[in-house]
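Residue-level listing of the chains:
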Amino acid sequence: MHELSIAESLIEMIEENALTHDFKKVIKITLEIGVLAGIEKSALLFCFDAAAKNSLAEGAELVIQDKLAKGICQHCHQPIITSSWYEPCRFCGQMRIKIIDGEQMIIKSLQVEN
Amino acid sequence: MCNICGCNKAEHAVETMHKHADHQHDPISEHQHIDCEQNSAAASVARLSGSRMLEIEQNLLAKNNYYAEQNRQKLQADDIFALNFISSPGSGKTTLLTEIINRLKKQHVIYVVEGDQQTAIDAARIRETGVKATQINTGKGCHLDAHMVGHAIDHLDMQKNAFLFIENVGNLICPAGFDLGEAHKIVILSVTEGEDKPLKYQEIFHAADLMIINKIDLLPYVNFNLKQCCEYAKQINPDIEIIQLSATSGENIAQFSNWLIANKAELQSGYCSNNKKDL
Ligand SMILES: Nc1nc2c(ncn2[C@@H]2O[C@H](COP(=O)(O)OP(=O)(O)OP(=O)(O)O)[C@@H](O)[C@H]2O)c(=O)[nH]1
Ligand SMILES: [Mg+2]
Ligand SMILES: [Zn+2]
Ligand SMILES: [Zn+2]
């Protein structure tokens, strides 16, 4: 359940942002999470509610945007969209795909109130 | 005082880790954000309702990655070769570590950080070999993070040119994404767990540089397709190296100690040539 520690660092980072951006309450949080980031969406939503209790994000809406992974086939050099580490290349059938995007966990935006 | 975060807890990293409710450290630049309050249409709509939109684009792992980089720099500066051992509970991490330590300790300086949710049993097992070990208890935490390990490193007060073995909390899933500042992640899979694990828990097999298949002394008694397991691991990570051994019978352990010595030397020669380039 590392989703719990991810949820806790989300709250910590929101609290730091509250100091730099001077807000008192968060209405909505938008995250972008790559399909290869190793995050279970439902677990993160569940942990977020627990982590947000008594914080300025309590009751906030958490929106998680999935991001498909991108890779380059190391054999035929075609760009590939994938959702796992071991799909064969759709063009040449080889397994060697270098992932270039899809492991990220990013806070995109916060909708806040003073 | 701790060098990582300046916190004043004298007792931390000593068998139990402190929680940080009492102090804050914010190493991450606060200036990565792009504040789009002025321009975006969404923001103006939001402002009508009394709220505003902040586009911040911050990496949720930034803090851990920052501490990991601090650890890595410190370890490199002291010529310490650090390895992060990850496996499910009971695959034989501590058994393998004690075996390998007994083989290497005459010629090499070795330190160990033990991660478990509870108890200091594993650190005590390591100390029986005579090397210095510190236990981190994560409580409910399911993985070590770079900040805890930074404190443990401080606590160990290591001399230069050594091995640092970090035994992560027994868990094949959660530790995968948390860089600790190690040179390599090593995943251990024992033959009683089934050959399909690389496909079921892809992240860690993708992140590791070496897979150890442990408990091969049990192969005659279990249905474990060794060849299939290696193929699955190579599908997830074509560059992964594989060593099959038995920590209890000692079979092939020499292959692993050779791997350790060779990779330490390789990393250190890499630092040397980098340093020369800088000069
Ligand atoms: N037959 C056999 N048993 C082994 C081998 N390696 C470890 N074991 C046994 O497996 C059990 C668990 O070993 P540990 O070394 O405690 O495993 P661990 O991965 O450190 O466990 P946690 O720290 O609790 O996650 C012990 O009973 C060991 O004796 C092996 O190569 N062969
Ligand atoms: Mg152990
Ligand atoms: Zn291809
Ligand atoms: Zn601290």
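Definitions and limits used
Residues numbered from 1 in each chain as written. Chains lettered and ligands numbered in written order. Predicted model: local features only at pLDDT ≥ 70, side-chain atom pairs only at ≥ 80, totals over all residues. Heavy atoms only, no water. Contact = heavy atoms within 4.5 Å. Buried area = accessible area lost by both parts, 1.4 Å probe. Salt bridge = Lys/Arg side-chain N within 4 Å of Asp/Glu carboxyl O. Polar contact = N/O pair within 3.5 Å; in protein donor to acceptor, adjacent residues only side chain to side chain. Helix = DSSP H or I, 4+ residues; strand = E, 2+ residues; numbered from the N terminus. Nonpolar A, V, L, I, M, F, W, Y, C, P; charged D, E, K, R; others polar. Donors = N, O, S within 2.8 Å, 3.2 Å for Na, K, Ca; no water. Tetrahedral: all angles 85-135°; square planar, octahedral: opposite > 155°, others 65-115°. Buried < 20%, exposed > 50% of the residue type's maximum accessible area, 1.4 Å probe, protein only.

Student: How would you explain the interface of chain A and chain B if you had to name every residue and give the values?
Tutor: Contacts between the two partners involve 33 residues from chain A, matched on the other side by 34 residues from chain B. Regarding the contact of chain A and chain B, the summed buried area is about 3100 Å², with carbon and sulfur atoms giving 57% of it. When the buried area of chain A at its contact with chain B is split by residue, His21, Trp85 and Tyr86 of chain A rank highest and sum to 22% of it. In this assembly, chain A and chain B are joined by four salt bridges. The interface formed by chain A and chain B contains 17 residue pairs in polar contact (both at pLDDT 80 or more). Elements with a contribution of two residues or more to the side of chain A that touches chain B: helix H1 (2-21), strand S1 (25-34) and strand S6 (105-113) of chain A. Considering each element in turn, the side of chain A that touches chain B owes the most residues, eleven residues, to H1 of chain A. Per-class residue counts for the side of chain A that touches chain B are 16 nonpolar, eleven polar and six charged.

Student: So what's going on with the coordination of the zinc ion (ligand 3)? Residues and values would help.
Tutor: Distances from the zinc ion (ligand 3) to its protein donors, Cys73 of chain A (SG), Cys76 of chain A (SG), Cys89 of chain A (SG) and Cys92 of chain A (SG), fall within 2.3 Å. Its four donor atoms give the zinc ion (ligand 3) angles of 106 to 115 degrees at the centre, a pattern that matches the tetrahedral case.

Student: For unusual backbone geometry, give the residues involved together with the corresponding values.
Tutor: The backbone of asparagine 54 of chain A shows a phi angle near 60 degrees, a positive value even though the residue is not glycine. Among the secondary structure elements, asparagine 54 of chain A is positioned in the loop between helix H2 (41-52) and strand S2 (61-67). Using a relative accessible area of 75% as the deciding quantity, one classes asparagine 54 of chain A as exposed. Positive phi, normally seen in glycine, also occurs at asparagine 161 of chain B, with a value near 55 degrees.

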